Amino acid sequence: MDLPDILQSLRICGGTEGGSPISWDCPSLAVVKVLSQIKDLFQAEASPRTKEDILKSIQHLLATGDSHWLFSDCCNNEGTSVRRVYLDLTSALTQYAALPPCETDSGELPTSSYALIPQKAVKVSAVLLSLIKRLEDSKDLVSCSRAATPVKSLALRLMPSLFVFAVIHSQDEPWTSTQSKQAAGELLSATIQAAGCTSAAELLCGKSRDDDSGILGSVLEMLKPELKKDIWMRNQATKHIFSWTLTQVSRPWLSEFLDHVFPPSLLFSDDYRTENEVLGVHCLRHIILNVPAADLRQYNRAEVLYHALFKHLYKSDPQLIEAVLPCLLDLLSVLEKPPSNIDAPRKSNRYDEVLRLFLTHMEMEHKIALRRVYARNLPLFTSRLGIVTVRHLKRLERVIVGYLEVYDGPEEEARLCVLEALERTIQHAWPRMKSRINVLLKTLLRLLYDVATDLSPTPPAVREELMKRATRCLILLDHSCQGTLKVLLKEVDSSCTHIRVLECIEQVQQQDTPLWGNSPADFNSAQLLKM
């Protein structure tokens, strides 16, 4: 199909427009008028079937049209208007497959509202794929010697729109299907390739810090009107585009755009719906990990972050707590000095504030799902806080004993994690363990006996892992108390004890070498006296 046939199929006269002849001797004038008419016709057409026919014709025009007619005009004085018409056409096409806005602040639409979106996205992706591939192929084909740079400039101007469209439809969401995700993925890959990049991160940021060809700034400017406080929740796709784009950007590029990404992330985390809160916390953690601490402390950003995250600890949604706890720990390293670097008596700080509230909630929690979340994060806390845990040993001991006494289902996730936390606590605060040896010994022996005689459907591998970790804790306790525990174990009545428990006790009796990095003699006990 040649150009006149395509124009005829689009009901555009190849010779006249409103009574004025189109001059084919002036390529720039022709392509501007033709693409403008195509855009207006596409937007005015109400019939979905006719719109699909127009999309097919546009795709064929872009795929087979003469490169000189389509793009060589970019090198003359009319290039600006040509770029404008390509941008307008792209905007009209992407808007056709856009998500319907939600009229309420809930941001939620019934799944049926997205029924036609995947089909539209597939067809629009095909058109845009033809456009970006033709731009890539035409860089070296246009006749004007200066055309390569303008054609590349046009491609760069189109890339933010293509990128945003591809990201919207390439994720696993209610408005996507297998076909639409595949089509959008192909469009994203072609866009990355056309930019001469190897990944989405390189497309967004450029190949080096000095490379200013990245499109991140343009993408964020496109999203900015949709990320305002009162309207961001009315388009379900906006938050997902933003979060996906944000997570592609790492050090050192992210700090340059901190003012653009910080407010939306806080908005998400401050929402009343758990889904948005979790999304916001994940965005904030990515910012914390990829922006220099000095930039976060500037203008009290880190303080604002701390208060925004700390208030989430009072909530009871497991998914939210799972996201907040590690994020808070990463933020504390920005706000406070490392707990291990203690050269003088230290005052209570945010580390203590967070750990106190964390242990209080652990101790009082009865919901299994939340108990597992707390237990999974307890080893992370004890490792990150290190020696600071000695200030909270009394409450930490109650938490450990309480969690080890409760059966946690076949996988025993909470018990396993608490045993890991106990190991790390003993390693960091071993000089304070002697006064707690009686309570911990009874708890661990009771755990060993319960596991050995357990008739529940707990897998054998899980039982073995429980006994292995409990035995290791006994060995660590014995080393921290210079052999006192071995003396106490001799009082265990072998006639009343399961043979598997006796095997564990024997393993402790035979062990005489410390298992952690530093021996008690190498540990600076003066540090503990300052706590």
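Please read these numbers as outputs of a predicted model, since none were measured by experiment. Within each chain, residue numbers correspond to sequence positions counted from 1 in written order. Where totals are concerned, whole chains, interfaces and linings use all residues; where local detail is concerned, this predicted model gives features only for residues with pLDDT of at least 70, and gives and counts side-chain atom pairs only at 80 or more. In computing side-chain values, all of the structure's heavy atoms are included and hydrogens and water are not.

A. Main features of the overall build of the protein chain. A run of H or I in DSSP becomes a helix once it reaches four residues, and a run of E becomes a strand once it reaches two; helices and strands are each numbered from the N terminus. Across its full length, the protein chain carries 25 helices and two strands. Residues counted as buried form 51% of the 531 residues belonging to the protein chain. In this description, accessible areas are obtained by the Shrake-Rupley approach with a 1.4 Å probe, and a residue is regarded as covered only by the protein chains that are shown. About 24500 Å² of surface is accessible on the protein chain, with carbon and sulfur atoms providing 51% of the total. Whether a residue is buried, partly exposed or exposed follows from its accessible area with a 1.4 Å probe, protein chains only, as a fraction of its type maximum: under 20%, in between, or over 50%, in that order.

B. View of the side chain of Ser 269. Within the fold, Ser 269 resides in helix α12 (residues 258-269). The class for Ser 269 is buried, based on a relative accessible area of 2%. We call two residues in contact when some of their heavy atoms are within 4.5 Å. What Ser 269 contacts, discounting residues up to four positions off in sequence, is Asn 276, Glu 277, Gly 280, Val 281, Leu 284 and His 312.

C. Representation of the packing of aromatic side chains. Put simply, two rings from Phe, Tyr or Trp (the six-membered ring, in Trp's case) pair if the centres are within 6.5 Å, and we call them stacked under 30 degrees between planes, edge-to-face over 60, tilted for the rest. Taken as a whole and judged by the stated rule, the model has nine aromatic pairs. On the numbers, 5.7 Å between centres and 80° between planes, the contact of Phe 242 with Phe 268 is edge-to-face. Taken together, the residues Phe 242 in helix α11 (residues 236-248) and Phe 268 in helix α12 connect sequence positions 26 residues apart. Classification of Phe 242 as buried rests on a relative accessible area of 1%. Grouping aromatic residues by their ring pairs yields a cluster made of Trp 232, Phe 242 and Phe 268. Charge-over-ring contacts are defined here by two conditions on Lys NZ or Arg CZ: a distance within 6 Å of the ring centre and an angle within 35 degrees of the ring normal. Here the basic side chain of Lys 51 rests over the ring of Phe 42, its NZ or CZ set 4.2 Å away from the ring centre. Across the ring face of Tyr 96, the terminal group of Lys 120 is positioned such that the distance to the ring centre comes to 4.9 Å.

D. Examining the pattern of salt bridges more closely. Salt bridges, as used here, are contacts in which a Lys or Arg side-chain nitrogen is within 4 Å of a carboxyl oxygen on Asp or Glu. The full count for this structure, using the stated rule, is 27 salt bridges. Arg 273 is paired through a salt bridge with Asp 271; the nearest N and O atoms lie 2.7 Å apart. One exposure class covers both Arg 273 and Asp 271, and it is buried. For Glu 405, the salt bridge identified is with Arg 446, shortest N-O distance 3.6 Å. With Glu 405 in the loop between α19 (393-404) and α20 (413-428) and Arg 446 in helix α21 (residues 437-452), this pair connects stretches of sequence that are 41 residues apart. Taking relative accessible area as the criterion, Glu 405 reaches 45% and is therefore assigned partly exposed.

E. Summary view of unusual backbone geometry. A cis amide bond links Arg 251 to the next residue, Pro 252, at an omega of -5°. You will see that Asn 300, though not glycine, has its phi angle at about 60°, which is positive. Along the chain, Asn 300 falls in the loop between α14 (293-297) and α15 (301-310). Despite not being glycine, Gln 482 shows a phi value in the positive range, around 55°.

F. Highlighting the packing of helix α22 (residues 460-480) against helix α24 (residues 499-510). Lines fitted to C-alpha atoms define the axes, with helix axes restricted to the stretch in contact, and inter-axis angles between N-to-C directions lie between 0 and 180 degrees. The interhelical angle for the contact between α22 and α24, taken along N-to-C directions, is 35°, at an axis separation of 9 Å. The two elements α22 and α24 meet at a crossing, and its hand is right-handed. When α22 is examined against α24, the residues Glu 464, Met 467, Thr 471, Leu 474 and Ile 475 are found in contact with a partner set consisting of Arg 500, Val 501, Cys 504, Gln 507 and Val 508. Each residue is assigned to one class: nonpolar for Ala, Val, Leu, Ile, Met, Phe, Trp, Tyr, Cys and Pro, charged for Asp, Glu, Lys and Arg, and polar for all the others, Gly among them. Looking at the contact of α22 with α24 residue by residue, the class counts come to six nonpolar, two polar and two charged. With the far helix as reference, a near helix turned anticlockwise by less than a right angle produces a left-handed crossing, and one turned clockwise produces a right-handed crossing.

G. View of the packing of α21 against α24. Here α21 crosses α24 at 140°, and the two axes come no closer than 8 Å. One element, α21, and the other, α24, form an angle in the oblique class. Note that α21 runs across α24; the crossing there is right-handed. Residue-level contacts link Leu 445, Leu 448, Tyr 449 and Ala 452 of α21 to Arg 500, Val 501, Cys 504 and Ile 505 of α24. By the definition adopted for this analysis, an angle is roughly parallel if under 35 degrees, roughly antiparallel if over 145, roughly perpendicular if from 65 to 115, and oblique otherwise.

H. A look at the environment of Cys 205. Mapped onto the fold, Cys 205 is located in helix α9 (residues 200-205). Taking relative accessible area as the criterion, Cys 205 reaches 9% and is therefore assigned buried. Along the sequence, Cys 205 and Gly 217 sit 12 residues apart, while their C-alpha atoms lie 8.8 Å from each other.

I. Fine view of the confidence of the model for the protein chain. Residue-level confidence of the predictor is what pLDDT reports, using numbers from 0 through 100. In this model, the protein chain carries an average pLDDT of 84, and 84% of its residues clear a pLDDT of 70 or more. The lowest-confidence element of the protein chain is helix α25 (residues 526-529), averaging 42 in pLDDT; the highest-confidence one is helix α13 (residues 274-290), averaging 96. Low pLDDT, under 50, characterises residues 14-25; the stretch is placed with 20 contacts to residues that sit more than four places away or in other chains. In the model, residues 515-531 has pLDDT below 50 throughout and makes 35 contacts with residues more than four positions away in sequence or in other chains.

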